[in-house]
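Spelled out, the chains give:
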Amino acid sequence: MQRCIFLTSIGLSSTNVADKFFKLAKKYKLFNKLVIIVTTAAVGKSKNKYCKLTYQEFKKLGFTKIKFVNLEKNISRDLLSSSVIYVAGGNSFKLLKYTRIRNFRKIIEDLLKRGGIYIGASAGSVIMGSTIKSCSVFKRDENKVGLKDFSGLNFVPYEIYPHYKAELNLAIKEYEKVNKIKVARLKDGECIIL
């Protein structure tokens, strides 16, 4: 079974990323399968404008079975049968907290084993790395949930830095040196496909 992870800054809002995802979805015949949009990190959850936009983007691509899930409330059985899980952006600390509470790592592993696709947008990409420490160091997100352990889900052996701009390069290089870690920089409109 093919397994695939898309790490992005802005999800399917980028034509480049949407085209790559569409080709894989077509190749693996995923259009009649269930898509889950995880809204846990987003302010306003399924009412968040970016979550609504993502829903519309999936519809434009030809998906018809699309559901929202908030890990703060519970684990939906739909997660266990979905073929695409899209984790929306927002607060990385909050998202990581609830992925741990709900054992979401296991859900992602199962998704990948059955040939599904994981798409992370911003915070949804950040949590897939080895750590989310840079969120604290660069003050990208506020740690309102009091997270002490910044270890990520570790699907990739480096940190993910979405919304990267060239003026941050020196600071990130210093961060890499001090913390002895590689940081993958993701500009808006780019993706890492694993």
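The structure displayed is predicted, hence computed values, not measured ones. The numbers attached to residues start from 1 for each chain and follow its sequence in the written order. Only residues with pLDDT of 70 or above have their local features reported here, since the model is predicted, and side-chain atom pairs are shown and tallied only from 80 upward, although totals for entire chains, interfaces and linings are computed over all residues. Each side-chain value is derived from all of the structure's non-hydrogen atoms; neither hydrogens nor water enter the calculation.

J.: What exactly am I supposed to notice about the overall build of the protein here?
T.: Numbering of helices and strands starts at the N terminus; helices are DSSP runs of H or I of at least 4 residues and strands are runs of E of at least 2. Along the protein, the regular secondary structure elements total 7 helices and 8 strands. By the compact-globule yardstick of 16 Å for 194 residues, the protein fits well, its C-alpha radius of gyration being 16 Å. Reported as C-alpha extents along the three principal axes, the dimensions of the protein are approximately 45 × 35 × 30 Å. Out of the 194 residues belonging to the protein, those deemed buried represent 51%. Any pair of residues with heavy atoms lying within 4.5 Å of one another is described as a contacting pair. When contacts within the protein are restricted to residue pairs at least 6 apart in sequence, long-range pairs at least 24 apart make up 76% of them. Accessible surface computed for the protein: about 9,600 Å², of which carbon and sulfur atoms make up 52%. We take the radius of gyration over the C-alpha atoms and set the globule estimate at 2.2 Å times the residue count to the 0.38 power. For every residue, the accessible area obtained with a 1.4 Å probe (protein chains only) is divided by the maximum for its type, and the residue is called buried under 20%, exposed over 50%, and partly exposed between those limits. Methods summary: accessible areas were calculated by the Shrake-Rupley approach with a probe of 1.4 Å, and residue burial reflects only the protein chains presented.

J.: I'm lost on the environment of Asp-141 in this one. Help?
T.: The topology assignment puts Asp-141 in the loop between helix H6 (133-137) and strand E6 (159-162). Given the relative accessible area of 17%, Asp-141 is considered buried. Along the sequence, Asp-141 and Ala-166 sit 25 residues apart, while their C-alpha atoms lie 20 Å from each other. Aside from chain neighbours lying at most four places away, what touches Asp-141 is Gly-90, Asn-91, Ser-92, Phe-93 and Cys-135.

J.: So what exactly am I meant to see when it comes to the sheet that holds strand E3 (residues 66-69) here?
T.: Strands in a sheet are paired, the pairing made by backbone hydrogen bonds, and the direction either parallel or antiparallel. Strand pairing is assigned whenever DSSP identifies at least 2 bridges connecting the two strands. Spatial ordering of the open sheet is given by E3-E2-E4-E5-E1-E8, a layout of 6 strands whose pairing is mixed. Every other strand in the sheet has two partners, leaving E3 and strand E8 (191-193) as the edge strands with one partner each. For this sheet, the mean angle separating the axes of adjacent strands, direction not counted, is 15°. The sheet contact formed by strand E2 (residues 35-38) and E3 spans 4 bridges and is parallel. Among the inter-strand pairings, Val-35 is bridged to a residue of E3, identified as Ile-66. Geometry is summarised by axes, namely lines fitted to C-alpha atoms with helices restricted to the contacting stretch, and by angles between N-to-C directions that run from 0 to 180 degrees. With respect to the sheet, helix H4 (residues 104-113) is in contact with strand E1 (4-8), E2, strand E4 (84-87) and strand E5 (117-121), its orientation differing from that of E4 by roughly 140°.

J.: Where do I start with unusual backbone geometry in this structure?
T.: Backbone geometry follows two general trends: most residues other than glycine have a negative phi, and most peptide bonds adopt the trans configuration. For Lys-45, which is not glycine, the phi torsion reads 50° and is therefore positive. Considering the arrangement of structural elements, one finds Lys-45 in the loop between E2 and helix H2 (49-61). In the Ramachandran plot, His-163 falls in the positive-phi region, its phi being about 60° despite a non-glycine side chain. Using a relative accessible area of 32% as the deciding quantity, one classes His-163 as partly exposed.

J.: In this structure, what is going on with the packing of aromatic side chains? I would like to understand it.
T.: The geometry of an aromatic ring pair is captured by the separation of the ring centres together with the interplanar angle, meaning the angle of the planes. To pair, rings of Phe, Tyr and Trp, with the six-membered ring standing in for Trp, must have centres within 6.5 Å; the planes then decide the type, stacked if under 30 degrees apart, edge-to-face if over 60, and tilted in the middle. One pass over the full model with this rule turns up 11 aromatic pairs. Consider the rings of Phe-21 and Phe-58, whose centres lie 5.8 Å apart with planes at 85°: the pair is edge-to-face. Here Phe-58 lies in helix H2 and Phe-21 lies in helix H1 (residues 15-27), a separation of 37 residues in the sequence. Phe-58 carries the same exposure label as Phe-21, and that label is buried.

J.: For this particular structure, what's the right way to read the pairing of E2?
T.: Along a regular strand, successive side chains alternate from one face of the sheet to the other. On E2, burial covers both faces: Val-35 and Ile-37 on one face and Ile-36 and Val-38 on the other are all buried. You can see the chain leave E2, run along H2 and come back into E3, and the turn it takes is right-handed. In this structure, E2 lies alongside E4, joined through 4 bridges in parallel fashion. By the bridge assignment, Val-35 is partnered in E4 with Val-84. The definition of a right-handed crossover adopted here requires that, viewed with the strands pointing away, the path from the first strand over the helix to the second runs clockwise.

J.: What is the right way to look at the nonpolar core in this model?
T.: The nonpolar side chains of a soluble globular protein tend to be buried, and buried together. Within the largest apolar cluster, 36 residues are counted, with the highest numbers of intra-cluster contacts made by Leu-7, Leu-79, Ile-85, Phe-104, Tyr-118 and Met-128. Mapped by element, the contributors of at least two residues to this core are E1, E2, E4, helix H3 (92-101), H4, helix H5 (123-126) and strand E7 (183-186). Grouping buried Ala, Val, Leu, Ile, Met, Phe, Trp, Tyr and Cys residues that are joined through side-chain atoms within 4.5 Å yields what is termed a nonpolar core. Leu-12, Ala-18, Leu-24 and Ile-37 belong to the second-largest nonpolar core, a separate cluster that totals 25 residues.

J.: Explain the environment of Ser-122 here, please?
T.: Relative to the helices and strands, Ser-122 is located in the loop between E5 and H5. Accessibility expressed as a relative area gives 12% for Ser-122, which makes it buried. Along the chain, Ser-122 and Val-183 lie 61 residues apart, while their C-alpha atoms are 14 Å from each other. Sequence-distant contacts of Ser-122, defined by excluding residues within four places in its chain, comprise Thr-8, Ser-9, Gly-89, Pro-162 and His-163.

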